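Report on the structure
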Amino acid sequence: GYSAHLSTNDDIVVSGSTGNMSYLWDGGGDLVLARFNSGGSFMWGSSLADINGEDAWATAPTTGGGSFVAGYTYSYGAGNADLFLARFNITGGLLWAKTLGGSGDDAAWSMCSYPDDSVVISGYTTNFGASVRNVLLVRFNASGQLLWAKMFGGTSWDDGWSVYPTVDHGILLTGVTNSFAPGNNDLLHARFNSSGDLLWAVTLGTTTLDDGMDAYQTSDGGSVVVGATESFGLGGRDFLLVRFDVIGD
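Here goes a summary of the coordinates provided. Model, not experiment: these values are computed from the prediction.

Let's shift gears to the pattern of salt bridges. Using the criterion set out here, one finds eight salt bridges in the structure. When the shortest N-O distance is used, the salt bridge between R133 and D159 registers 2.5 Å. Taken as a pair, R133 in the loop between strand 10 (119–125) and strand 11 (134–140) and D159 in strand 13 (residues 158–165) lie far apart in primary sequence, 26 residues in all. A residue is classified by how much of its surface remains accessible, and R133, at 14% relative accessible area, is buried. For D197, the salt bridge goes to K150, with nearest N and O atoms at 3.6 Å. Taken together, the residues span a long stretch of sequence, with D197 in the loop between strand 15 (186–192) and strand 16 (198–204) and K150 in strand 12 (residues 146–152) at a distance of 47 residues. Among the residues examined, D197 registers a relative accessible area of 37% and is labelled partly exposed. Looking at K150, the relative accessible area reads 27%, which means it is partly exposed. Here the residues in one salt-bridge network are D211, E230 and R237, joined through shared partners.

As C-alpha cells, then:
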C-alpha cells in the first residue's frame, strides 16, 4: 500500500501493488485498489493486471465516492514506463484509464483532486524537459482528458514527489532538485496557479542530501513541508520540518 484517502462516508481507500514486485521498475507487480470501512473491515479489492506490470503510487477521491489512481505502467502507453491514471467507481469498477509518456520513463508519484473532479499529478519525465530527468506536472479533467502538462527543472536531475491543492485551486509541489542545488539533492518547494504557471520556487539545503517528501497548505496561506536532511541536525539523516509563508520565504 503506497497511498490512501478517505471517502465522504469515512471509508478508507488504499492503492498500491500486489504480486511479484520489488521496490521499483521491475515491472512485475499489478495495480491494486482496496476499500475498507471506517472500522478497518475489508469491503472489496480491485486490481488491474497485465504481463508487464503496473504500480499505483497515488490515490485521490472523486465527488461520487469513487477514486482516482495514478502511478506507472509497463503494459500500455508509448514506451518503457508511462504515467498511468485511472478512475474507479464507488464499488471498484474501472471507468477509464489513460497513459502519458514517451519512449523513456514517465511516472506519477503523487496526486490531488479538486471539486470539479479534475486531478493534478506530479512525478518525473525522462522524455520531455530540459535534461535527462525533470519534474512532470499534469492536469486532467474528470473524463481523463489532458488539460495541460508542464515540465520543471534544469540541466540535472529533478523530481516532484508530492502535490497538494491550495484554496484557490492552485498547486503546492514538493520534491528534490539537483539542478538548483549547491551540491547533491536539495529540497524543492514550489507553487503553481491552476493553469500550471509557476508562481515561485525555493530550495533548501547545502552540499549534502536534503529531500522534500510532502507538503500541506496552512490556514494563513503558507505551507508546511516534511522531509529529510543531512545538512542540519545531529548527523546522518535527520527528520526535517519546514514552514514557509505564502510567498515561499
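In terms of strand pairing, strand 3 (residues 29–36) meets strand 4 (residues 42–48) through six bridges, oriented antiparallel. Bridged to L33 within strand 4 is S46.

What follows concerns the packing of aromatic side chains. All told, the structure shown has eight aromatic pairs when counted by the stated rule. Between the aromatic rings of Y2 and W57, the centroid separation amounts to 3.9 Å while the plane-to-plane angle is 5 degrees, which identifies the pairing as stacked. Taken as a pair, Y2 in the segment before strand 1 (3–6) and W57 in strand 5 (residues 54–61) lie far apart in primary sequence, 55 residues in all. By relative accessible area, Y2 is classed as partly exposed at 32%. Since its relative accessible area comes to 13%, W57 is described here as buried. Each ring, one from F36 and one from F42, has its centre 5.7 Å from the other, and the planes form 70 degrees; the classification is edge-to-face. With relative accessibility at 54%, the residue F42 sits in the exposed group. An aromatic cluster is built from Y2, W57, W109 and Y124, whose rings are joined through pairwise contacts. Lying across the ring of Y124, R133 places its NZ or CZ 3.3 Å from the centre. If you follow R139 out to its NZ or CZ, it ends over the ring of Y114, 4.1 Å from the centre.

Bringing the nonpolar core into the picture now. Judged by nonpolar contacts, the single largest core of 15 residues is most densely connected at A70, L83, L85, M111, I121, V138 and F140. Elements with a contribution of two residues or more to this core: strand 5, strand 6 (67–73), strand 7 (82–88), strand 8 (94–100), strand 9 (106–113), strand 10 and strand 11. In terms of residue count, strand 11 provides more of this core than any other element does, three residues in total. Formed by 13 residues, the second largest nonpolar core is a distinct cluster that contains F152, L173, L188 and A190.

How each quantity is defined
- Residues numbered from 1 in each chain as written.
- Predicted model: local features only at pLDDT ≥ 70, side-chain atom pairs only at ≥ 80, totals over all residues.
- Heavy atoms only, no water.
- Salt bridge = Lys/Arg side-chain N within 4 Å of Asp/Glu carboxyl O.
- Helix = DSSP H or I, 4+ residues; strand = E, 2+ residues; numbered from the N terminus.
- Buried < 20%, exposed > 50% of the residue type's maximum accessible area, 1.4 Å probe, protein only.
- Pairing = 2+ DSSP bridges.
- Phe/Tyr/Trp six-rings, centres within 6.5 Å; stacked < 30°, edge-to-face > 60°.
- Lys NZ or Arg CZ within 6 Å of the ring centre and 35° of its normal.
- Core = buried A, V, L, I, M, F, W, Y, C linked by side-chain atoms within 4.5 Å.

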